[in-house]
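Listed here are the chains, written in short residue letters.
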Amino acid sequence: MGVTIKDVAKKTGLSITTVSLVLNKKDNRISERTRQLIESAAQELNYTPNPTAVSLVTKKTRIIGLILPENGYYHFSTLLRSVESACRNADYYLMVSIARPGAEDALLQIENFIKKKVDGLIFDPSCLPIDSPGYLEALSRVNIPVVSLGCVGQQLLANSIAPSHQQGGFLAVTHLLELGHRKIGCITGPAVYDSSLNFWRGYQDAMEEYDLSVDPLLLFQGPYGVETGHTGFRKLIDHGITAIVTASDLIACGVWHEATQKGLTIPDDLSIVGYGDSFPTSYFNRELTSITMHFDRIARKAVNLIRKWDECNGPLPPETIFPSLISRKSSAPPQTVPAI
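Let us look at the structure shown here. (Residues numbered from 1 in each chain as written. Predicted model: local features only at pLDDT ≥ 70, side-chain atom pairs only at ≥ 80, totals over all residues. Heavy atoms only, no water.)

**Quick word on the packing of helix H2 (residues 16-23) against helix H3 (residues 32-44)**
At a closest axis distance of 10 Å, the pairing of H2 and H3 adopts a crossing angle of 85°. Considering their axes alone, H2 and H3 lie roughly perpendicular with respect to each other. Packed against H2, whose contacting residues are Thr-18, Val-19, Val-22 and Leu-23, the element H3 presents Thr-34, Arg-35, Ile-38, Glu-39 and Ala-42 at the interface. Of the residues assigned to the contact of H2 with H3, the class counts are five nonpolar, two polar and two charged. (Axes fitted to C-alpha atoms, helices over the stretch in contact; angles between N-to-C directions. Helix = DSSP H or I, 4+ residues; strand = E, 2+ residues; numbered from the N terminus. Parallel < 35°, antiparallel > 145°, perpendicular 65-115°, else oblique. Contact = heavy atoms within 4.5 Å. Nonpolar A, V, L, I, M, F, W, Y, C, P; charged D, E, K, R; others polar.)

**A few points about the sheet that holds strand S1 (residues 63-69)**
Ordered in space as S2-S1-S3-S4, the four strands form an open sheet in which the pairing is parallel. In the strand order of this sheet, the two ends are held by strand S2 (93-99) and strand S4 (146-148), each with one partner. Neighbouring strand axes in the sheet, compared pairwise and without regard to direction, differ in orientation by 20° on average. Where strand S3 (residues 120-123) and S4 come together, three bridges link them in parallel fashion. Of the residues in S4, the one forming a bridge with Phe-123 is Ser-148. Lying over the sheet, helix H13 (residues 295-307) contacts S1, S3 and S4, oriented at roughly 160° with respect to S3. (Pairing = 2+ DSSP bridges.)

**Notes on the sheet that holds strand S7 (residues 219-221)**
Strand order in this open sheet of four strands is S7-S6-S8-S9, and the pairing throughout is parallel. Edge strands, defined here as strands with exactly one partner in the open sheet, are S7 and strand S9 (271-273). Across the sheet, the mean angle from the axis of one strand to that of its neighbour is 15°, orientation sign disregarded. By the bridge criterion, three bridges tie strand S6 (residues 184-188) to S7 in an arrangement that is parallel. By the bridge assignment for S7, Ile-187 is matched with Phe-220. Set on the sheet, helix H8 (residues 165-179) makes contact with S6, strand S8 (243-246) and S9; between it and S8 the angle comes to about 165°. In the packing of helix H10 (residues 226-236) onto the sheet, the strands contacted are S6, S7 and S8, and the crossing angle to S6 comes to about 150°.

**Quick notes on unusual backbone geometry**
Ile-266 connects to Pro-267 through a cis peptide bond whose omega is 10°. Structurally, Pro-267 can be placed in the loop between helix H11 (249-261) and S9. Backbone geometry at Asn-159 places phi at a positive 75°, although glycine is not the residue there. One non-glycine residue, His-294, adopts positive backbone phi at about 55°. Relative to the helices and strands, His-294 is located in the loop between strand S10 (290-292) and H13.

**A few points about the packing of aromatic side chains**
Scanning the entire structure with this criterion turns up two aromatic pairs. Between the aromatic rings of Trp-200 and Tyr-203, the centroid separation amounts to 4.7 Å while the plane-to-plane angle is 20°, which identifies the pairing as stacked. One end of the pair, Trp-200, and the other, Tyr-203, are both in helix H9 (residues 194-209), three residues apart, so they sit about a helical turn from each other. There is no split in this pair, since Trp-200 and Tyr-203 are both buried. (Phe/Tyr/Trp six-rings, centres within 6.5 Å; stacked < 30°, edge-to-face > 60°. Buried < 20%, exposed > 50% of the residue type's maximum accessible area, 1.4 Å probe, protein only.)

**Remarks on H9**
Turn by turn, an α-helix covers 3.6 residues, leaving residues three or four places apart pointing in a common direction. In a regular helix each residue adds 1.5 Å, so 16 residues correspond to 22 Å; H9 covers 22 Å between its end C-alpha atoms and thus fits that length. Those residues of H9 that are buried lie in contact with H8, S6, S7 and S8. Once H9 finishes, Asp-211 follows within two positions and takes phi at roughly 55°, a positive value. (Expected span 1.5 Å × (residues − 1).)

Note that all results are geometric; they support no functional claim without further evidence.
Take a look at the structure:
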């Protein structure tokens, strides 16, 4: 049997209650000198807290649930890595669940996490259709902190910490406009997702700021994946475009591959801007210009919100995290600047 709190109490000559309060990090008025005595004794004895025992005392499992979509969403691996790192740094365990498209399965995953007594949930609502009223109603009854990383039903819920996809689309297009491009194709995810709509709105905002008309023929929508990049490029290239912005680095990978297969040189013949600054950039020797959504920052804020939930006086207002452009070698001025 391992070292217990009783063993630490015996070594220090203090009561089990006093030692328990310190080692379980419960609020107390114990002096700093006594606290150091207990922690030193615990370290000498190689004391390791029993998670089950700690859970019974603190009423916390130190587990955070993360729900991600099944649909190959562009920041899947980057987001997972960021949340796992934030949980580890805050001494939480991370439990991950993959939800199939639609509100029903997302609700099922939330119910499963609640049964497991997790301390809080982080979820990416990209797997939910824009109109999910049943989901919103069910979410209002959840009695643990739930941090949404995007809009649900075209609105940011309380406790949301989400990137601005509209600002991301705006930055991507503005970057190309500043380089001199005027015919810019846009490839987004499915129209039923709020993230896709907001990225397209950002595209429109940038074009309007430059007093340019928005051509709906330059928009292509499809699943967040490489194949959408292949198909989107073939649909858009005949419209005289000199650049393409994509709502996913995976889509950008597909565009890049298809363009080079057709004999084009990136960026001389076609500039490409991705979105997410995720793992596909390394596949192209980190030459892909992309938009970073600062998932490390979002993950830290989400975990910190759950950690300090007991100190909050009710739900917190939603917070928007604004993305940034990372310029690399896949974008450059067009060889021939088209007339405005």
